[in-house]
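Structural features, examined
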Amino acid sequence: MEQKVVKPLLPYQFYTFQNCIGQSSVTWHAGSMHKAMDLAKIQDYNITTYSSIMPAKAEQVSKIPDYPMGTHLEGIIASINGYRGELLAAGVAYNWLYADEDLTQCVGGIVVERTGNYTSETLELELDKSLREIKNFSYSNLFWDTDNATYLKSVFTPEETYGTAYAGLVFINYLEIE
């Protein structure tokens with residue numbers, strides 16, 4: 001019997017979200033986090049997380065197709081839970097890497113996540129530090145436009161008992177590797 005080998009999938013289109021905050025007087029996961037996911041428009045999906053690499057052909061879309069409830073999506077997400085009065089910040093940032101100094105031959109991108117008790121400005125600085133660390137450690141031979149990073153942030157202080165700040169991206173489809 002001949003076995004069919006399935007090659008790995010290459011993420012293609014992705015949907016981003018930020019400013020997604022949830023509050024609840026009941027709990028985090030079935031309360032404030034679900035409310036944050038609702039604002040992100042991903043409440044109907046089962047989400048698993050990826051590490052931090054973007055394929056060169058990845059492209060952003062403005063909305064998720066009308067997939068059935070329970071569809072499995074994969075994403076790079078920052079999420080933090082906290083209590084009333086606590087500053088909560090969740091952020092994801094990404095930037096593209098190139099083989100040439102003219103930034104014409106994209107080879108992929110790096111994505112980082114950070115959470116903590118940061119202001120929006122401090123969160124962006126922390127995300128930038130993380131991008132630079134990965135770039136300098138793993139991809140020092142590649143080039144990037146330091147002013148072209150994309151920052152997805154959710155920062156707030158909950159007024160209810162529980163709060164969740166949620167930001168990131170989910171891949172909505174894939175390319176077959178040739």
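Structure's up top.
Residues numbered from 1 in each chain as written. Predicted model: local features only at pLDDT ≥ 70, side-chain atom pairs only at ≥ 80, totals over all residues. Heavy atoms only, no water.

Describing the overall build of the protein chain
Helices and strands together make up the secondary structure of the protein chain, namely two helices and eleven strands. Listing every helix and strand of the protein chain by position from the N terminus yields β-β-α-β-β-β-β-β-β-α-β-β-β. Taking 16 Å as the expected radius of gyration for a compact globule of 178 residues, we find that the protein chain reaches 18 Å, a close match to that expectation. Projected onto the principal axes, the alpha-carbon positions of the protein chain cover approximately 50 × 45 × 30 Å. Here the protein chain holds 178 residues, and 43% of them are scored as buried. For the protein chain, restricting intrachain contacts to residue pairs at least 6 apart in sequence, the fraction spanning at least 24 positions comes to 76%. On the protein chain, roughly 10100 Å² of surface is accessible, and the fraction owed to carbon and sulfur atoms is 48%. Each charge class in the protein chain was averaged separately, 12 positive and 22 negative side chains, and the resulting centres sit 3 Å apart. (Helix = DSSP H or I, 4+ residues; strand = E, 2+ residues; numbered from the N terminus. Rg over C-alpha atoms; globule rule 2.2 N^0.38 Å. Buried < 20%, exposed > 50% of the residue type's maximum accessible area, 1.4 Å probe, protein only. Contact = heavy atoms within 4.5 Å. Areas by Shrake-Rupley, 256 points an atom, 1.4 Å probe, with all protein chains shown as cover. Lys, Arg positive; Asp, Glu negative; His and termini not counted. Charge placed at Lys NZ, Arg CZ, Asp CG, Glu CD.)

What to know about the sheet that holds strand S4 (residues 53-55)
Through backbone hydrogen bonds, the strands of a sheet pair up, either in parallel or in antiparallel fashion. Across the sheet, which stays open at both edges, the four strands sit in the order S4-S8-S7-S9 with antiparallel pairing between neighbours. In this open sheet, the two strands that pair with only one neighbour each are S4 and strand S9 (150-156). On average, each strand axis in the sheet is tilted by 15° relative to the strand beside it, whichever way the strands run. Contacts from helix H2 (residues 120-138) reach strand S7 (88-98), strand S8 (106-116) and S9, with the element oriented near 135° to S8. (Pairing = 2+ DSSP bridges. Axes fitted to C-alpha atoms, helices over the stretch in contact; angles between N-to-C directions.)

Structural notes on the nonpolar core
Counting 18 residues, the largest nonpolar core has Phe14, Met54, Tyr94 and Leu169 as its most contacted members. Only strand S6 (72-83), S7, S9 and strand S10 (162-171) provide two or more residues apiece to this core. Among the elements that take part in this core, S7 stands out by supplying six residues, more than any other. In this structure phenylalanine 14 touches Met54, Ala58, Glu59, Gln60, Val61, Tyr94, Leu169, Val170 and Phe171, once residues within four positions along its chain are discounted. Met37, Ala40, Leu73 and Val170 belong to the second largest nonpolar core, which has 16 residues in total. (Core = buried A, V, L, I, M, F, W, Y, C linked by side-chain atoms within 4.5 Å.)

Considerations on the pattern of salt bridges
All chains considered together, the criterion is met by four salt bridges. Close ionic contact of lysine 153 with glutamate 124 constitutes a salt bridge, the shortest N to O distance being 2.9 Å. Taken together, the residues span a long stretch of sequence, with lysine 153 in strand S9 and glutamate 124 in helix H2 at a distance of 29 residues. Lysine 153 gets classed as buried once you look at its relative accessible area, which sits at 15%. A salt bridge links arginine 132 to aspartate 128, with the shortest nitrogen-to-oxygen separation between them at 2.8 Å. Of this pair, arginine 132 and aspartate 128 both sit in helix H2, four residues apart, roughly one helical turn. We classify arginine 132 as partly exposed; its relative accessible area is 34%. Each of the salt bridges in this network shares a partner with another, and the network as a whole consists of Arg114, Glu126 and Lys129. (Salt bridge = Lys/Arg side-chain N within 4 Å of Asp/Glu carboxyl O.)

Considering the pairing of S9
Counted residue by residue, S9 has five buried out of seven residues, so it is predominantly covered. As paired strands, S7 and S9 are joined by seven bridges and run antiparallel to one another. Residue pairing across strands places alanine 90 opposite serine 154, the latter belonging to S9.

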